[in-house]
Amino acid sequence: MKNIIKTKHHIFVRVTSIVAIVIIAVCSAWAIQGCEKKEKEQTKNIPINSIAQGYISKVYRSNNFVLKSQQSLDDFIEAFEIPNLSQLKINFDTDMVIAVVESNNSSSTIDITSITEFKDKIEVRVENVHKGMTADIGSIYHIVRIPKTDKTIVFMKITSYN
C-alpha cells in the first residue's frame, strides 16, 4: 500500500512539474513576443531628406553635427566651405539639420543611410557606402534635414570590411 501511495505521489509531482514547465515556457514566449512587438511599435523610420553630399579638398577632423538654427547652419557651411549652399535656408521652427564630415579620399562617400526614432532618442546610421582607392585626401560630407526634435541624437558609425 505504501508503495502505491509513493508511486502516486511521484507521478503527481512529475505531472505537476511538467505542467509548471509548460506554463512557464508559454508565458515566457508570450512575454518575448510582447516585448518584441512593443519595441517595434516604439520605433519609427525618419525619411532622409538629403541637402548635400560630396567632397571638399581640405582635410577636416571627422565629426558629426546637429544644427538647430540658421546661424549654426550658416557657420557650418562657411567653416567647411561647402560649395553651393551659401543661400540655403531651412525652417528651423519645424526642421533641423544633421551633418557628418569625415577625412577620406574623393572617391569615397560618407552616407547617412537611415534615421530611426526611438522613445527617447534618434539614431543616425552612418556608413561608407562607396570606398575609393585614390591617393588624394580631403573630407567627405553628407548633410540632411529631419523634423525638429528635442530627443538626443546618437550617431552609429557602421564599419564593414568588404
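It should be emphasised that the depicted structure is a prediction, and the values quoted were computed from it without experimental measurement.

Cut-off values and rules
- Residues numbered from 1 in each chain as written.
- Predicted model: local features only at pLDDT ≥ 70, side-chain atom pairs only at ≥ 80, totals over all residues.
- Heavy atoms only, no water.
- Pairing = 2+ DSSP bridges.
- Helix = DSSP H or I, 4+ residues; strand = E, 2+ residues; numbered from the N terminus.
- Axes fitted to C-alpha atoms, helices over the stretch in contact; angles between N-to-C directions.
- Buried < 20%, exposed > 50% of the residue type's maximum accessible area, 1.4 Å probe, protein only.
- Polar contact = N/O pair within 3.5 Å; in protein donor to acceptor, adjacent residues only side chain to side chain.
- Contact = heavy atoms within 4.5 Å.
- Phe/Tyr/Trp six-rings, centres within 6.5 Å; stacked < 30°, edge-to-face > 60°.
- Lys NZ or Arg CZ within 6 Å of the ring centre and 35° of its normal.

## Some words on the sheet that holds strand E3 (residues 63-67)
- As summarised here, the arrangement of the 4 strands in space is E2-E7-E4-E3, forming an open sheet in which the pairing is antiparallel. Looking at which strands have only one partner, the edges of the open sheet turn out to be strand E2 (49-56) and E3. Sheet twist, expressed as the mean angle between neighbouring strand axes with direction ignored, is 15°.
- Here E3 runs beside strand E4 (residues 95-104); their pairing, made up of 5 bridges, is antiparallel.

## Remarks on the pairing of E4
- Counting buried positions over the 10 residues of E4 gives 9, a clear majority of the element.
- One ladder, built from 10 bridges, connects E4 with strand E7 (residues 138-147); its direction is antiparallel. Each residue of the ladder has a partner; that of methionine 96, found in E7, is isoleucine 146.

## Section: the side chain of glutamate 117
- Within the element layout of this structure, glutamate 117 appears in strand E5 (residues 111-117).
- Within the local environment of glutamate 117, its side chain forms a polar contact with the side chain of lysine 151, the two groups lying 2.8 Å apart.
- Those residues within four positions of glutamate 117 in sequence are excluded, and the remaining contacts are Gln42, Thr43, Lys44, Ile46, Ile122 and Lys151.

## Some remarks on the sheet that holds strand E1 (residues 44-46)
- Read from one edge of the open sheet, 4 strands run E1-E5-E6-E8, paired in mixed fashion. Each of the sheet's edge strands pairs with one partner strand only, and the pair in question is E1 and strand E8 (152-158). Along the sheet, successive strands turn relative to each other by an average axial angle of 25°, direction set aside.
- Inspection of the sheet shows strand E6 (residues 121-127) paired to E8 by 7 bridges, in the parallel sense. Within the sheet, the bridge partner assigned to valine 126 lies in E8 and is lysine 157.

## Quick look at the packing of aromatic side chains
- Within the structure shown, the criterion is met by 4 aromatic pairs.
- Between the aromatic rings of tyrosine 60 and phenylalanine 80, the centroid separation amounts to 4.7 Å while the plane-to-plane angle is 65°, which identifies the pairing as edge-to-face. Note that tyrosine 60 is positioned in the loop between E2 and E3 and phenylalanine 80 in helix H2 (residues 70-80), a separation of 20 residues in sequence. We note that tyrosine 60, like phenylalanine 80, is buried.
- Considering the side-chain rings of phenylalanine 65 and phenylalanine 80, the 5.4 Å spacing of their centres and the 75° angle between planes classify their relative orientation as edge-to-face. Here the residue phenylalanine 65 occupies a position in strand E3, and phenylalanine 80 occupies one in helix H2, the gap between them amounting to 15 residues. Assigned by exposure class, phenylalanine 65 and phenylalanine 80 land together as buried.
- Joined through ring pairs, the aromatic side chains of Tyr60, Phe65, Phe76 and Phe80 make up one cluster.
- A cation sits over an aromatic face here: lysine 121 above phenylalanine 118, 5.2 Å from the ring centre.

Keep in mind these values describe shape, not function.
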